[in-house]
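For reference, the chains in residue letters:
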Amino acid sequence: MSRFLCRLEEVPDPGSRGFRVNIDDQETGVFIIHQGGSVSAFRNSCPHTGVNLEWVPDQFLDSENCHIQCSLHGALFEVQTGLCIRGPCAGQSLQGLKLENRDGELWLCV
Ligand code: FES
């Protein structure tokens, strides 16, 4: 099953955006990262404690727009893989989600 999230042009490059979607009958937080022309999607759950990563709505990148950053303890994650490279959950990963770009429309495949 797939769910429409938004159009790619609605997310700045670099930039990010969060969504609430229904997955397996549960409302779930997800977010997308747009950086360097590519886009990736993850569940909005830090592997350290399970909290949402963002403190400001739609703000998932660090101040340099290089890495995903958890606002609670500052863990940094690779934007393509979700691997934590620094912080209390180093070596663990965000849960990646399959995203399809259909003529500029971003669809989450779950
Ligand atoms: S909750 Fe994300 S780094 Fe601690």
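All figures in this text were calculated on a predicted structure; none of them were measured in a lab.

About the criteria used
Residues numbered from 1 in each chain as written. Predicted model: local features only at pLDDT ≥ 70, side-chain atom pairs only at ≥ 80, totals over all residues. Heavy atoms only, no water. UniProt positions renumbered as here; feature names shortened; annotations may be inferred. Helix = DSSP H or I, 4+ residues; strand = E, 2+ residues; numbered from the N terminus. Pairing = 2+ DSSP bridges. Salt bridge = Lys/Arg side-chain N within 4 Å of Asp/Glu carboxyl O. Buried < 20%, exposed > 50% of the residue type's maximum accessible area, 1.4 Å probe, protein only. Phe/Tyr/Trp six-rings, centres within 6.5 Å; stacked < 30°, edge-to-face > 60°. Core = buried A, V, L, I, M, F, W, Y, C linked by side-chain atoms within 4.5 Å. Contact = heavy atoms within 4.5 Å. Lys, Arg positive; Asp, Glu negative; His and termini not counted. Axes fitted to C-alpha atoms, helices over the stretch in contact; angles between N-to-C directions.

### Structural notes on the UniProt feature "domain: Rieske" (unreviewed entry) in the protein
Now for step 1: Here the UniProt feature "domain: Rieske" (unreviewed entry) sits at residues 3–108.
Now for step 2: A helix fraction of 0% and a strand fraction of 45% characterise residues 3–108, whose end C-alpha atoms lie 5 Å from each other.

### Remarks on the pairing of strand 4 (residues 38–43)
Now for step 1: Across six bridges, strand 3 (residues 26–35) lies against strand 4 in antiparallel orientation. By the bridge assignment for strand 4, His34 is matched with Val39.
Now for step 2: Adjacent in sequence and paired antiparallel, strand 3 and strand 4 are bridged by two residues, among which Gly36 carries a positive phi angle near 60°.
Now for step 3: Here two bridges tie strand 4 to strand 8 (residues 96–102), and the two strands are oriented antiparallel to one another. Directly across from Phe42, in strand 8, lies its bridge partner Gly96.

### Considerations on the pattern of salt bridges
Now for step 1: Within this structure, the stated rule accounts for five salt bridges.
Now for step 2: Where Glu9 meets Arg7, a salt bridge forms, and the shortest distance between an N and an O atom there is 3.3 Å.
Now for step 3: Look at Glu9 and you get exposed, because its relative accessible area is 65%.
Now for step 4: The partner of Arg20 in a salt bridge is Glu27, with the nearest N and O atoms 3.2 Å apart.
Now for step 5: Its relative accessible area of 49% is what places Arg20 among the partly exposed residues.
Now for step 6: It is possible to trace a salt-bridge network through shared partners that takes in Lys98, Glu100 and Arg102.

### Here we look at the packing of aromatic side chains
Now for step 1: Evaluation of the coordinates by the stated rule reveals three aromatic pairs.
Now for step 2: Ring-pair connections join several aromatic residues into one group, and the members of that group are Phe31, Phe42 and Phe60.

### Details of the nonpolar core
Grouped burial of nonpolar side chains is what soluble globular proteins tend to show.
Now for step 1: Core analysis: the biggest nonpolar cluster contains 15 residues, and Phe31, Ile33, Leu53, Ile68, Phe77 and Leu94 have the highest contact counts within it.
Now for step 2: Setting aside residues up to four positions removed in sequence, Phe31 forms contacts with Arg17, Gly18, Ser40, Ala41, Phe42, Arg43, Asn44, Leu53, Phe60, Ile68 and Leu94.
Now for step 3: The next biggest cluster of nonpolar side chains, apart from the first, holds 14 residues, and it includes Val30, Ala41, Leu97 and Leu99.

### Details of the sheet that holds strand 7 (residues 84–86)
Now for step 1: Read from one edge of the open sheet, three strands run 5-6-7, paired in antiparallel fashion. Two strands lie at the open edges of the sheet, namely strand 5 (68–69) and strand 7, each paired on one side alone.

### Brief notes about the side chain of Arg3
Now for step 1: Tracing the chain through its elements places Arg3 in strand 1 (residues 2–7).
Now for step 2: Among buried Asp, Glu, Lys and Arg side chains, Arg3 stands out as unpaired, with Asp24 the closest opposite charge at 6.7 Å.
Now for step 3: Apart from residues lying up to four places away in sequence, Arg3 is in contact with Val21, Asn22, Ile23, Leu106, Trp107, Leu108 and Val110.

### Section: the sheet that holds strand 3
Now for step 1: The six strands are arranged 1-9-8-4-3-2 in an open sheet whose pairing can be described as antiparallel. For this open sheet the edge positions go to strand 1 and strand 2 (15–23), each flanked by a neighbour on one side alone. Taken pair by pair, the neighbouring strands of this sheet meet at an average axis angle of 30°, ignoring direction.
Now for step 2: In this sheet, strand 3 lies alongside strand 2 in antiparallel orientation, the contact comprising nine bridges. Counterpart to Phe19 in the pairing with strand 3 is Val30.

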